[in-house]
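Structural features, examined
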Amino acid sequence: MKKVLGIILGGGAGTRLYPLTKFRAKPAVPLAGKYRLIDIPVSNCINSEIFKIYVLTQFNSASLNRHLARTYSFAGFTEGFVEVLAAQQTLDNSNWFQGTADAVRQYLWLFEEWDVEEYLILSGDHLYRMDYRQFVERHRETGADVTLSVIPIEERRASDFGLMKIDDTGRIINFSEKPKGEALKKMAVDTTVLGLDEEQAKEKPYIASMGIYVFKRNVLLKLLKHSKDQTDFGKEILPAALDGYNVQAFLFDDYWEDIGTIEAFFNSNLALTQQPRPPFSFYDEEAPIYTRSRYLPPSKLLNCQIAQSMIGEGCILKDCRIVNSVLGVRSRIESGCNIEDTLIMGSDFYEPYAERQSDCSEGPASLGIGANTTVRRAIIDKNAHIGCDVQIINKDHVQEADRESQGFYIRSGIVVVLKNAVITDGTVI
């Protein structure tokens, strides 16, 4: 793995995850109460003994830079690093990244300096655990020029992904990026070729790209340098490579979720609370997910009723009810609160006198969730001030709404309270 360079694509503006991406890059969005999305691919690289890692980004990268600098520091006796590469103007190119392939192309001069044999290209907004060593070994064994990691997928979600057909050797013979209608139906295949049984193959008749690739060094350089008008891997580079190169598929048969929308992000977080076995677990000693060490005190729970939930460190919960929810670091929940099916991201800091006695007081709402407040099916972003006697329940069952001036949005029926928002006492959403 010393001959592999990891390149993580930070994604675009993250419009489908807005407003969570209003102040941060998509890979910096908090996950599971204490992590960030970028921790997933970086941890997978570290667990796979890939220690040379670049992260390409161009939108709201300040918090991402800060997180990576505070979290991933390798000893001076190794070449290992995790480094952010932001879009920049040069004498040769004054444009921002125009797509996934263009982002890699603009930094080829840097990637070429490393003595590596393969480039491992990853996405920064997926939730999964993968040993990239198996992926790279499959690439080497088949003599592939390019290898794509793939999963079988059902028709309902198929049009959101790049789809392909493969032959008996695993070689990709057809690739179509996000086809719809008749073009989608033409990409249906017998997925028993991947090892699925007939029942599974009937449920999932499509082979989808995970947006994870291994390229031979010289192949990537040739593809990107000789096609400067092609800016995207899925739409242009990969379909064009099928004729002249050996492009192979690698089956990934574990949990994987593309966290590209508010609904997918919400569901993925709450799924972590499932029992007895959630689809994805952070409790794996052999392949841990790393994140920043905060040295926070233990959480304090005072006469609380909590069921099927995850509570981050440094929280203070008082005489409240928490059901099927995820609470981030430094969350403060006052007495009489009822929290259900909700993701609370917590806070970046404590207010003066964190262990305050009063539940409600005159003046602006305190940091956290005020007394006698009910929150259902919502995402509360960091540092939100929710007053007393507030109801965040989407009482009118609205599916989509933009209420930025009032401190919240609604996406797919999920209320998203903005970072740093103040929701005054008695508000009903």
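Each value, and the rule that gives it
Residues numbered from 1 in each chain as written. Predicted model: local features only at pLDDT ≥ 70, side-chain atom pairs only at ≥ 80, totals over all residues. Heavy atoms only, no water. Buried < 20%, exposed > 50% of the residue type's maximum accessible area, 1.4 Å probe, protein only. Helix = DSSP H or I, 4+ residues; strand = E, 2+ residues; numbered from the N terminus. Phe/Tyr/Trp six-rings, centres within 6.5 Å; stacked < 30°, edge-to-face > 60°. Arc of directions from axis to C-beta.

Summarising burial for helix α11 (residues 262-271): 8 of the 10 residues are buried, a large majority. Every buried residue belonging to α11 is among I262, A264, F265, F266, S268, N269, L270 and A271, and all of these are buried.

Moving on: the packing of aromatic side chains. Scanning all chains against the criterion turns up 16 aromatic pairs. Ring geometry for F51 against F74: centres 5.9 Å apart, planes inclined by 65°, an arrangement best described as edge-to-face. With F51 in the loop between α1 (39-47) and β4 (52-57) and F74 in the loop between α2 (62-71) and β5 (81-86), the pair connects residues that are 23 residues apart, well separated along the chain. Judged by its relative accessible area of 31%, F51 is partly exposed. Here F215 and F233 contribute two aromatic rings whose centre-to-centre distance is 5.5 Å and whose plane-to-plane angle is 40°, an arrangement assigned as tilted. One end of the pair, F215, is in strand β11 (residues 206-216); the other, F233, is in helix α10 (residues 233-241), and 18 residues separate them in sequence. A single burial state applies to F215 and to F233, both of which are buried. Through successive ring pairs, a cluster of aromatic residues spans Y54, F81, F111, W114 and Y119.

Considered for burial, the residues of α10 that qualify are F233, G234, I237, L238 and A241. Taken end-on, α10 shows its buried residues confined to a sector of 110°, consistent with a single buried face.

Relative to the helices and strands, I289 resides in the loop between α11 and β14 (300-302). With 103 residues separating them along the chain, I289 and K186 place their C-alpha atoms 39 Å apart.

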